[in-house]
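Chains, contacts and geometry: an overview
Single-letter residue listing:
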Amino acid sequence: MRLLGRFFIFILLSTYAVAFLTSCAGEDAGSSSSALGTFTAAGGFIEQVPGDLRPRWSAAELRTFLPTNRGKFIFPAPYNTEAFRITDASDCGGTDCVTPVGYSYWRNSNAHEGSNDMWIFLSLNSQKGGPGPTLFRLDKATDSITKVGPLFPTTSKFSGRSGDGWYFSASRANQLYINDGPKLLRYDVTTHTFETVFDLTGEFGSDREVWQMHSSNDDLVHSATLRAKGTGSFLGCLVFSETTGQFSYFAKKGTYDECHIDKSGHYLMILENIDGRNGSENVIVDLQTGVETVIYDEKGGVGHADMGYNYVVGADGYSPLPNAFITWSFAPSLVKGPTVFHSSSSKIPRVNHVSHQNAKPGLPMHQQFACGSSADRGAAQNEILCFLLDGTERELVVAPVMTDLDASGGGSEYYKLPKGNLDITGQYFIWTTNTGGNRIDAFLVKVPAQLLLS
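Residues numbered from 1 in each chain as written. Predicted model: local features only at pLDDT ≥ 70, side-chain atom pairs only at ≥ 80, totals over all residues. Heavy atoms only, no water.

**Overview of the overall build of the chain**
The secondary structure content of the chain amounts to six helices and 29 strands. Against the compact-globule benchmark of 22 Å for 454 residues, the chain has a radius of gyration of 21 Å, which places it among compact chains. Each principal axis of the C-alpha distribution contributes one length, and for the chain these read about 65 × 50 × 40 Å. The buried share of the chain, reckoned over its 454 residues, is 57%. (Helix = DSSP H or I, 4+ residues; strand = E, 2+ residues; numbered from the N terminus. Rg over C-alpha atoms; globule rule 2.2 N^0.38 Å. Buried < 20%, exposed > 50% of the residue type's maximum accessible area, 1.4 Å probe, protein only.)

Structure below.
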């Protein structure tokens, strides 16, 4: 009874807090309009990196405010942010069928600017009671979230796919990028029609396939890992230009990991261990001049990273600061930027995967922000954190991650990690979490980034 009493008091206080913070946020809207328009979100708070550590909430405490069914709710103090439960037990017949969101750099939401509707793509494993890849809709005007339904009929070969590596276009509101053997496809989630972006068979042979794709934000340049069909062996990185209809290819030089086109389509970053020492190097390729530059891992080569327009933000494993994230600018020359985020201890990886899907063209890097998430077994709360890319080391605390690595939900530890991603506007962050239980579910939170940008 005392727990319930405290919960009802929290709801009352949170209601007043949200109203107050919303009015305060509105006062700051003008100063952040270049990055967020007029959008403001309630809650959240700013602190100096590396920030304070807050006690982790138990599964029982989470149940006092999390809705059982999909819909909107408010995180308790000190967060007071508005969030949505996207999936619930009804989606899987009670089983643990929700596949984790793809990754911090594969966008699970569409280009929804100028629309009341935001599409959200998730995969509900058909082998575990789910309908396969599924579409959800957030009505931004009413803050209601609904399940639209499966993206494919049960007879489609895609209905059994995990959706790993699929992502929404940055410029075409209804288009989802999908790999299909040697093909990169665009799939319209409303008309259920396919468009072939490229088929690499003619260039690389029938025993090759595409993997780990990325696209520039204008949807004209695409990168992907080329791998051997059947064995899955990585062979190198390809780039395809829709403007010229031509491929470029960069064969692996060492132990290959992945490659990633930047959002301008001008620069390519390949991650591979070239010298056989330490970790992966960054090979930066200027696709207009063909010039390649290697950043060695111990010299600031980034690991987990996301791309902006002519720059990257990522983890620096050789920084003297623990859990450090830095930037590299590619133009007009290659320049290592400052540390933009770090933790207080190497035992507390407060951000493991960084998302910068909100990168804006024409806006200086130092006026932009990224967000990240992680999970560990410490006593402190894991949180969704956002930080500016200007080196001032201010962080926005958005919401708790709510993941228990020792709970059964989500399966392997890697699958339990949130790996969430920002939407294209920087207004919403999506992630998956087991909330200390026997299944993982997807959640969405409004990001009060106006606090960070004001």
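**Re the pattern of salt bridges**
Applying the stated criterion to the full structure yields 27 salt bridges. Across the pair Glu383 and Arg54 runs a salt bridge, and its minimum N-O distance is 2.7 Å. Of the two residues, Glu383 sits in strand S25 (residues 383-388) while Arg54 sits in the loop between strand S1 (45-48) and helix H3 (59-63), which places them 329 residues apart along the sequence. Owing to a relative accessible area of 4%, Glu383 belongs among the buried residues under this scheme. Here Asp207 and Arg208 are joined by a salt bridge, their closest N and O atoms 3.2 Å apart. Assessed through its relative accessible area of 41%, Asp207 is described here as partly exposed. Several salt bridges share partner residues, and in doing so they unite Glu47, Arg54, Arg350, Glu383 and Glu395 into one network. (Salt bridge = Lys/Arg side-chain N within 4 Å of Asp/Glu carboxyl O.)

**Description of the sheet that holds S25**
The antiparallel open sheet is built from five strands, whose spatial order is S1-S26-S25-S24-S23. The open sheet has two edge strands, S1 and strand S23 (353-355), and neither has a second partner. The average undirected angle you get between the axes of adjacent strands in this sheet is 30°. In this structure, S23 lies alongside strand S24 (residues 369-373), joined through three bridges in antiparallel fashion. Following the sheet pairing, His353 is matched in S24 by Ser373. (Pairing = 2+ DSSP bridges. Axes fitted to C-alpha atoms, helices over the stretch in contact; angles between N-to-C directions.)

**Description of unusual backbone geometry**
Leaving glycine out, the prevailing phi sign among residues is negative, and the prevailing peptide bond configuration is trans. For the bond running from Val49 to Pro50, omega is 15°, close enough to zero to count as cis. With an omega dihedral of 5°, the bond running from Ala331 to Pro332 counts as a cis peptide bond. Position of Pro332 relative to the elements: it lies in the loop between strand S21 (325-329) and strand S22 (335-341). Despite not being glycine, His192 shows a phi value in the positive range, around 60°. The residue His192 is located in the loop between strand S9 (183-188) and strand S10 (194-199) in this model. Backbone geometry places Asn278, a non-glycine residue, at a positive phi of 55°.

**Description of the nonpolar core**
Formed by 46 residues in total, the largest nonpolar core has its most connected members in Phe75, Phe369, Phe387, Trp431 and Val445. Ranked by the residues each element gives to this core, the list is headed by S25, at five residues. If sequence neighbours within four positions are ignored, Phe369 has contacts with His356, Asn358, Cys386, Phe387, Leu388, Leu389, Leu422, Gly426, Ala449, Leu452 and Leu453. One finds Cys97, Leu124, Ile145 and Ile440 within the second-largest nonpolar core, a separate group that totals 20 residues. (Core = buried A, V, L, I, M, F, W, Y, C linked by side-chain atoms within 4.5 Å. Contact = heavy atoms within 4.5 Å.)

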